[in-house]
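Listed here are the chains, written in short residue letters.
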Amino acid sequence: MNINYQKELEKIISESQRRETVPRLFLHSCCAPCSSYVLEYLSRFFSITVFYYNPNISPREEYEKRVQEIRRLIDEMEFVHPVDFVEGEYCPQDFYAMAKGLEDIPEGGERCFRCYRMRMEEAARLAGEGGYDYFTTTLTISPLKNAAKINEIGGELAEIYRVPHLPSDFKKKNGYKRSIELSREHGLYRQNYCGCVFSRPEEKNNEKK
Ligand code: SF4
């Protein structure tokens with residue numbers, strides 16, 4: 001059955017509006033461009049902690065550039081409800097241990113599913129510890145990422161860490177398009193690869209040789 005995750009999200013938003021509450025959301029962020037629309041949209045209804053945890057990114061300079069951009073974006077944007085920022089630990093060795101044996105799997109396959117889980121799991125764990133009302137990730141804004149899988153993982157982690165997962169498919173309602181406009185407005189650095197060494201253009205070109 002195809003689930004419309006955008007509709008599911010809208011139901012949750014309507015319910016909190018009906019109750020006149022502003023829930024606390026722990027939001028895993030993959031990068032500034034993807035976060036731009038998500039923050040513009042969700043900060044109207046939630047108070048948000050942006051959690052930057054991406055041990056998949058290689059090399060370190062690229063990681064640092066992306067952190068710098070998300071910090072700058074949060075400083076520049078105006079929000080209805082408060083948005084703050086937390087940086088997770090950059091531990092690429094954990095990513096390589098997770099990806100072992102899956103290095104040659106094409107983008108969008110099992111390595112990526114585990115990569116989503118790894119990052120979302122840390123978000124769910126901290127959201128549970130911090131007593132947040134919800135956790136979620138910006139990852140579903142990308143047309144290259146499997147939104148159904150991301151929501152499935154979110155549901156599993158919600159059970160384990162006892163914190164509700166906020167369903168999403170942020171590319172809907174022109175979310176992806178709006179993220180491109182906002183990236184332009186803020187002059188954001190837009191990377192040309194997903195993040196890990198296996199997704200870098202040099203690696204892909206080598207595969208074709
Ligand atoms: S291609 Fe992207 S999602 Fe897949 S493993 Fe690499 S960084 Fe993670």
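Attention here is on the structure that accompanies the text. (Residues numbered from 1 in each chain as written. Predicted model: local features only at pLDDT ≥ 70, side-chain atom pairs only at ≥ 80, totals over all residues. Heavy atoms only, no water.)

1. Focus: the packing of helix α2 (residues 32-42) against helix α7 (residues 175-185)
Between two packed helices, what matters for the description is the angle formed by their axes and the separation of those axes.
Inference 1: It is the contact of α2 with α7, at a shortest axis distance of 8 Å, that shows an interaxial angle of 110 degrees. Judged by the angle between their axes, α2 and α7 are roughly perpendicular. Residues Pro33, Ser36, Tyr37 and Glu40 of α2 form the contact with α7, whose own contacting residues are Gly175, Arg178, Ser179, Leu182 and Ser183.
Inference 2: Of the residues belonging to the contact of α2 with α7, the class tally is 3 nonpolar, 4 polar and 2 charged. (Axes fitted to C-alpha atoms, helices over the stretch in contact; angles between N-to-C directions. Helix = DSSP H or I, 4+ residues; strand = E, 2+ residues; numbered from the N terminus. Parallel < 35°, antiparallel > 145°, perpendicular 65-115°, else oblique. Contact = heavy atoms within 4.5 Å. Nonpolar A, V, L, I, M, F, W, Y, C, P; charged D, E, K, R; others polar.)

2. Considering the state of the cysteines
Inference 1: What the rule picks out here adds up to 0 disulfides.
Inference 2: Considering cysteine sulfurs only, Cys31 is the nearest to Cys34, which forms no disulfide, with 3.6 Å between them. (Disulfide = S-S within 2.5 Å.)

3. Some words on α7
Inference 1: Of the positions making up α7, those classed as buried are Gly175, Ser179, Leu182 and Ser183. The arc that holds the buried residues of α7, viewed along the axis, is 105 degrees, so those residues lie on one side. For α7, exposure combined with an orientation more than 90 degrees from the buried face picks out Lys177, Arg184 and Glu185.
Inference 2: On the buried face of α7, the contacting elements are α2.
Inference 3: Note on α7: the residue one or two positions beyond its end, Gly187, has a positive phi of about 60 degrees. (Buried < 20%, exposed > 50% of the residue type's maximum accessible area, 1.4 Å probe, protein only. Arc of directions from axis to C-beta.)

4. Section: the pairing of strand β4 (residues 134-137)
The side chains of a regular strand alternate between the sheet's two faces.
Inference 1: Here β4 shows two buried faces, one formed by Tyr134 and Thr136 and the other by Phe135 and Thr137.
Inference 2: The pairing of strand β1 (residues 24-29) with β4 spans 4 bridges and is classified as parallel. Paired with His28 across the strands is Thr137, a residue of β4. (Pairing = 2+ DSSP bridges.)

5. What about the pairing of strand β3 (residues 83-87)?
Inference 1: Bridge analysis of strand β2 (residues 47-52) against β3 gives 5 bridges, and the strand direction is parallel. Across the sheet, Thr49 pairs through a bridge with Asp84, a residue of β3.
Inference 2: Assessed by its sense of winding, the connection that carries the chain from β2 through helix α3 (residues 60-76) to β3 is right-handed. (Right-handed = clockwise from strand over helix to strand, strands pointing away.)

6. Looking at the sheet that holds β3
Inference 1: Strand order in the open sheet formed by 4 strands is β3-β2-β1-β4, with parallel pairing between adjacent strands. Sheet topology places β3 and β4 at the edges, where each strand pairs with a single neighbour. Taken pair by pair, the neighbouring strands of this sheet meet at an average axis angle of 25 degrees, ignoring direction.

7. Digging into the packing of aromatic side chains
Inference 1: Taken as a whole and judged by the stated rule, the model has 12 aromatic pairs.
Inference 2: Note on Tyr96 and Phe198: the rings are 6.4 Å apart at their centroids and 85 degrees apart in plane angle, and the pair reads as edge-to-face. Placement of Tyr96 in helix α4 (residues 92-99) and of Phe198 in the loop between α7 and α8 (201-208) is noted, with a sequence separation of 102 residues between them.
Inference 3: Owing to a relative accessible area of 36%, Tyr96 belongs among the partly exposed residues under this scheme.
Inference 4: Taking the centre distance of 6.0 Å and the plane angle of 50 degrees together, the rings of Phe113 and Tyr116 count as tilted. Taken as a pair, Phe113 and Tyr116 lie in helix α5 (residues 110-129) at a separation of 3 residues, close to a single helical turn. (Phe/Tyr/Trp six-rings, centres within 6.5 Å; stacked < 30°, edge-to-face > 60°.)

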